[in-house]
Amino acid sequence: MEFFRIRRDIPFMRHALVFNIISLVTFLAAVFFLFTRGLHLSIEFTGGTVIEVAYAQPADIGKVRSTIEAMKVGDTQVQNFGSARDVLIRLPLADGVKQSELVGRVFDTLCRAEGGAIEARQGVSDKGESISRQVCAAGNVEPVTLQRSEFVGPQVGKELAVDGAMALGFVVLGIMIYLALRFEWKFAVAAIVANLHDVIIILGFFAFFQWEFSLAVLAAVLAVLGYSVNESVVIFDRIRETFRRFRKMSPPEVIDHAITSTISRTIITHGSTQMMVLSMLIFGGPTLYYFALALTVGILFGIYSSVFVAAAIAMWLGIKREDLVKSGSKEIDPNDPNSGAVV
Amino acid sequence: MNRYPLWKYAILAIALLVGLVYTAPNFFGEAPAVQVSSAKATLKLDSAFAPRVQQLLEEAGLKPDFVQFDGNSVKARLPETDAQIKAKDALSKALNPDPANPSYIVALNLLSRSPGWLTALHALPMYLGLDLRGGVHFLMQVDMKAALTKKAESLTGDVRTLLRDKNIRHAGISRDGDSLEVRFRERDTLTAAVALLSDQLPDLQWAESVDGGELKLRGTLKPAAARLVQEQALKQNITTLHNRVNELGVAEPVIQQQGLDRVVVQLPGVQDTAKAKDIIGRTATLEVRMVNESAEAREAERGGAAVPFGSERYLERNGAPIIVYRQVVLTGDNLTDAQAGFDGQTQEPAVHLTLDAKGSRIFRDVTRENIGKRMAILLFEKGKGEVVTAPVIRSEIGGGRVQISGRMTTAEAADTALLLRAGSLAAPMEIIEERTVGPSLGADNIDKGFNSVLYGLIAIAVFMCAYYGLFGVISTLALGFNLLMLVAILSMLQATLTLPGIAAIALTLGMAIDANVLINERVREELRGGAPPQLAIHNGYERAFATILDSNITTLIAGVALLAFGSGPVRGFAVVHCLGILTSMFSAVMFSRGLVNLWYGRQKRLKSVSIGQIWKPDAAANTAIKA
């Protein structure tokens, strides 16, 4: 099998302007949605409480919502999570509500709404591990069970937000320094602009669809940032090599050649990674859903931006043969650690 | 040219073997077990306890797989859950004759089913995080300001005593937050006081100021001393938490310091947060009472008479009964510190207690009136008291510094000091983060995480084999080897596996295939360019390496940033991600090359390699090179 039967270099750079306009429009749209809608931050960043309960019967969301709203604990979000029986309840931080007791109170209220009463039970799992838990018992059945709860205090949330921003800054700076050492500044700028534009677009997606932005999503964004920068690195490597080998080509032709000769690797690599991510998206359950979604958007835009945006920006910045090939006399410098770094 | 020297194959073989050995324990699953640990701070288990548990189990007609002592507890692995419950009941009955006042905690636990020889190699399964196992997680913030205030409070008492002892007249001492202020009327006394205080209280630094007609001396804790106070406060809180958590009978609690002022508490298998919080937040109390040494009391101690009116019978740590008055002289609230040390004169091991101002006053009065008598210090845990120590009062003790010495070893002194401190938290704590995960959800998460990795891997494997032929098979094997190495390293490090960790494994594998794609594409390109197969393989690997290195460095930068700034679940993700990048370098480059060399390297006249179809743009008819 050979998917990519390309006879001649594809003239990508002839359409560079079109690609850049597409990028700019998507970018501006992403920024627009980020400002108008904002990110739907998870409680890890904002502080607050999340409770996941499972009902024995398909849950009546309206009833759950009105039951909790009657408690007057701030504005509540109630939604299905995974299946019709699982319900996720989000309670933001509210003044005058003791957060650390909230989970118990909410569960107690939900339990009484189902006609049950809370009792503590000691049990043993099938594997032989002792489990102590609070059970909502109504006769012999458990109308509602507490699956998971999470409470994050305001100070922790603020710290996580700051740490997240620092991590992003560190990654951008680290990659810039690396690229500047590895290539020259025009490439570093081009690569980082292209990949930051990816990050903004991922965030734009999360803002537009109001998907939940959690710590795991942030991790995915950073991982994908590192991953798609290497895409640009591969293409830049190839550009440098092409400049050396074909002395008569103009810079756009060189870029076209470099992209064409790496496109097969680009698509196969990203395709493989995407298969894995897709597997997480399908089989990973609701917990990994947004993580996998962020990766999916990131990988797709990663291909686009490193192929079409980064190279185009480098072209606008005016890369020349002289920028890359320092010694004119030698075709390939055997002592150059960067020679041969090609696909 | 495509031959590895023997030592390279040897390295690969060893890596494979080590990988298999350390990955293996994760597949044996877990067997039911019982765990016996001490219920009392005063009782310590040792290795001699294991044979006793073994004997008790055998008497109950049970055959444990093994019984072992592991530092804090004795664990016995049993073949099935029925036997486990029976064993728990038998042990509780035999070890705790009085169920209302248990000396031992017998808890159900799980132990790895992996064979003994693996355990002997320290090949242990990974820990499962709470999100995979179910349980509760608390992050607690220690109120360090309160710890400093408490320290300042006790120093205020010290200053007062010192000045009085040396007859230096002051116009008042007060505490303001975590600093203290002494006022003087005359310059001379101030100078004398500065000299004395700087000498005697090295933890404080003093600054003078004039306010109206009054001279003021302001003492603040030196940064180093303040840091020490905070460290000790955190340590003491962790110790206290350990004691309290033990009571919950949780098999493997985690209580760890996080950052400078936080403590993480993780209790697997506990879902009853209300009870957990209740126990964690409870305060044990310490009381000082006088010992009743009357004739009736002596008789009562021996069990010959009823306990006299107004007195109570308690046990000392060695089990001897002792009769003490009901009246409480002091409570633990007045005790600011207890440290093990040595007597200044005799160099005997001793316990030094520090009392606050109110405590010192009461203590001075009580000791003056009761020279030659015994006083008992009782620790109440779970509403039951026990006499920690009952020393004889030798002289009047003023100034709030009490020393208990005589007939003590260094270890006993340290234990006593710990017990005296264990009752209370050095500083209040607040829960700032709480997570609970139900056990069924945990099991569900394991399945989902495992399935994502499995199906993703299968999809990649099928594609690679179809697209690249034998080279695809080799790439897949290399990817499998990568997974093996990653799991083996995580097991060796005894890392805690969480759902984000599993996600990182999946993602890392998905990204790691990049290296093999690079190599395979490069080899194809060399072949397309007309290079003979052996040379194509050689050049393909050589030339792809720099690019692989490059691409991994950028990914690694992101991983390290996550490791540095991430917390909690993200950290787990980052650790796996970074390790995975490193193992993928090894497996994709060296391992796959090893396999290729093994297969093709020995063939002298290699005509073709199986790397899928090589399409050449200039040839009208596809001259594919196929194996």
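Quick notes on the rules
Residues numbered from 1 in each chain as written. Chains lettered and ligands numbered in written order. Predicted model: local features only at pLDDT ≥ 70, side-chain atom pairs only at ≥ 80, totals over all residues. Helix = DSSP H or I, 4+ residues; strand = E, 2+ residues; numbered from the N terminus. Rg over C-alpha atoms; globule rule 2.2 N^0.38 Å. Buried ≥ 20, exposed ≤ 12 C-beta atoms within 10 Å, placed from the backbone. Contact = placed C-beta atoms within 7 Å. Axes fitted to C-alpha atoms, helices over the stretch in contact; angles between N-to-C directions. Parallel < 35°, antiparallel > 145°, perpendicular 65-115°, else oblique. Nonpolar A, V, L, I, M, F, W, Y, C, P; charged D, E, K, R; others polar. Pairing = 2+ DSSP bridges. Domains from an automatic or database assignment. pLDDT = per-residue confidence, 0-100. Expected span 1.5 Å × (residues − 1). Arc of directions from axis to C-beta.

The next thing to look at is the overall build of chain B. Scanning chain B for helices and strands turns up 17 helices and 22 strands. For 627 residues, the compact-globule estimate of 2.2 N^0.38 gives 25 Å, and chain B exceeds it by more than 25% at 34 Å. Along the longest, intermediate and shortest principal axes, the C-alpha atoms of chain B span 115 × 75 × 45 Å. The buried share among the 627 residues of chain B stands at 45%. Partitioning the contacts of chain B with sequence separation of at least 6, the portion at a separation of at least 24 is 70%.

The next subject is the overall build of chain A. Check the secondary structure of chain A and you find ten helices and eight strands. A compact globule built from 343 residues should have a C-alpha radius of gyration of about 20 Å, whereas chain A, at 26 Å, is more than 25% larger. Its C-alpha atoms give chain A principal-axis dimensions of roughly 90 × 45 × 35 Å. By the burial criterion, 47% of the 343 residues in chain A qualify as buried. Relative to all contacts within chain A whose residues are 6 or more apart in sequence, the contacts with residues 24 or more apart total 73%.

All right, on to the packing of helix 13 (residues 439–468) of chain B against helix 15 (residues 499–528) of chain B then. Residues and elements named next belong to chain B. Viewed as axis vectors pointing N to C, helix 13 and helix 15 meet at an angle of 10°, and their least axial separation amounts to 9 Å. For the element pair helix 13 / helix 15, the angle class is roughly parallel. Of the residues in helix 15, those in contact with Asn445, Gly449, Ser452, Val453, Gly456, Leu457, Ile460 and Tyr468 of helix 13 are Leu499, Ile502, Ala503, Ile505, Ala506, Leu509, Gly510, Ile513 and Asn520. Its residues placed into classes, the contact of helix 13 with helix 15 shows eleven nonpolar, six polar and no charged.

Bringing the interface of chain A and chain B into the picture now. In this assembly, 73 residues from chain A lie in contact with 79 residues from chain B. Contributing elements (two or more residues each) for the side of chain A that touches chain B: helix 4 (102–113), strand 5 (117–124), strand 6 (130–137), strand 7 (144–152), helix 5 (154–182), helix 7 (215–245), helix 8 (251–283) and helix 9 (285–316) of chain A. Element by element, the count of residues in the side of chain A that touches chain B is highest for helix 7 of chain A, at 13 residues. Two strands pair when backbone bridges link them, and strand 7 of chain A and strand 21 (residues 429–437) of chain B are joined in this way by five bridges, in the antiparallel orientation. Across the sheet, serine 149 of chain A pairs through a bridge with threonine 436 of chain B, a residue of strand 21 of chain B.

This part covers the domain arrangement of chain B. Residue and element names in this part refer to chain B. According to the domain assignment, chain B consists of domain 1 (6–11 + 438–601), domain 2 (31–113), domain 3 (145–222) and domain 4 (285–430). Between the C-alpha centres of domain 3 and domain 4 there is a distance of 30 Å. On the domain 4 side, the residues contacting the nine residues of domain 3 number eleven residues. Grouping the amino acids of the side of domain 3 that touches domain 4 by side-chain chemistry returns two nonpolar, four polar and three charged.

Leaving glycine out, the prevailing phi sign among residues is negative, and the prevailing peptide bond configuration is trans. Residue and element names in this part refer to chain A. The phi torsion at glutamine 210 lies on the positive side, around 55°, for a residue other than glycine. Here glutamine 210 shows up in the loop between helix 6 (185–209) and strand 8 (212–213). Look at glutamine 210 and you get exposed, because 12 C-beta atoms sit within 10 Å.

Overall, the prediction assigns chain A a mean pLDDT of 82, with 91% of residues at 70 or greater. Low pLDDT (under 50) marks residues 327–334 of chain A, which in the prediction has five contacts with non-local residues, meaning those over four places away or in another chain.

Before going further, it helps to spend a moment on the sheet that holds strand 4 (residues 104–112) of chain B. Residues and elements named next belong to chain B. As summarised here, the arrangement of the four strands in space is 2-3-1-4, forming an open sheet in which the pairing is antiparallel. A strand with exactly one partner marks an edge of an open sheet, and here the two such strands are strand 2 (66–69) and strand 4. The average angle at which neighbouring strand axes cross in this sheet is 25°, direction not considered. Pairing of strand 1 (residues 30–38) with strand 3 (residues 73–77) involves five bridges; the strand directions are antiparallel.

With that out of the way, let us pick up the pairing of strand 12 (residues 262–268) of chain B. Residue and element names in this part refer to chain B. Counted residue by residue, strand 12 has five buried out of seven residues, so it is predominantly covered. Note: strand 6 (residues 135–142) against strand 12, seven bridges, orientation antiparallel. Along strand 12, the bridge assignment pairs glutamine 141 with arginine 262. Two elements, strand 11 (residues 254–258) and strand 12, share five bridges in a ladder whose sense is antiparallel. Its bridge partner lying in strand 12, glutamine 256 is registered against valine 264. Connecting strand 11 to the next strand, strand 12, in antiparallel fashion are three residues, including glycine 259 with a positive phi near 70°.

Residues and elements named next belong to chain B. Under the 1.5 Å per step criterion, the end-to-end length of helix 11 (residues 357–369) is 19 Å for 13 residues, consistent within 8% with the ideal 18 Å. By the burial criterion, the buried members of helix 11 are Gly359, Ser360 and Phe363. Considered in projection along helix 11, the buried side chains sweep an arc of 95° and stay on one side of the axis. Where helix 11 is buried, its residues meet helix 6 (144–165), strand 15 (321–331), strand 16 (335–342), strand 17 (349–355) and strand 20 (401–405).

Another aspect to go through is the environment of serine 261 of chain A. Within the element layout of this structure, serine 261 of chain A appears in helix 8. Spatially, the C-alpha atom of serine 261 of chain A lies 13 Å from that of arginine 240 of chain A, the residues being 21 residues apart in sequence.

All names here are of chain B. Looking at the element boundaries, asparagine 334 is found in the loop between strand 15 and strand 16. C-beta crowding within 10 Å serves as the criterion here: with 21 such atoms nearby, asparagine 334 is assigned to the buried category. For the pair asparagine 334 and histidine 242, spaced 92 residues apart in the sequence, the C-alpha separation amounts to 23 Å. If we skip the residues at most four places from it in the chain, asparagine 334 touches Leu355, Asp356, Lys358 and Gly359.

A word on the pairing of strand 7 (residues 173–176) of chain B. Look at any regular strand and the pattern is simple: side chains alternate between the two faces of the sheet. Residue and element names in this part refer to chain B. Relative to strand 8 (residues 179–184), strand 7 runs antiparallel, the two being bridged by four bridges. Bridging across to strand 8, aspartate 176 finds its partner in serine 179. In textbook terms, the turn of a hairpin is the stretch between consecutive antiparallel strands, and for strand 7 and strand 8 this stretch comprises two residues, one of which, glycine 177, has a positive phi near 65°.

What follows is about the environment of arginine 302 of chain B. Residue and element names in this part refer to chain B. Examined against the element boundaries, arginine 302 turns out to sit in helix 10 (residues 295–302). On the neighbour-count criterion, arginine 302 (8 C-beta atoms within 10 Å) is exposed. Arginine 302 sits 242 residues away from alanine 544 along the chain, and the two C-alpha atoms are 87 Å apart.

On to the sheet that holds strand 11 of chain B. What the eight strands build is an open sheet, ordered 3(A)-4(A)-2(A)-7(A)-21(B)-6(B)-12(B)-11(B); its pairing is antiparallel. Bordering the open sheet on either side are strand 3 (77–81) of chain A together with strand 11 of chain B, each of which pairs with just one other strand. On average, each strand axis in the sheet is tilted by 20° relative to the strand beside it, whichever way the strands run. Its contacts with the sheet place helix 5 of chain A against strand 7 of chain A together with strand 6 and strand 21 of chain B, and it is angled at close to 75° to strand 21 of chain B.

Another aspect to go through is the confidence of the model for chain B. Residue and element names in this part refer to chain B. Of all residues in chain B, 94% have pLDDT values of 70 or greater, and the mean over the chain is 83. With pLDDT under 50 throughout, residues 619–627 is counted as low confidence; its partners more than four residues away or in other chains account for 14 contacts. The complex prediction reports pTM at 0.78, with the ipTM value standing at 0.85.

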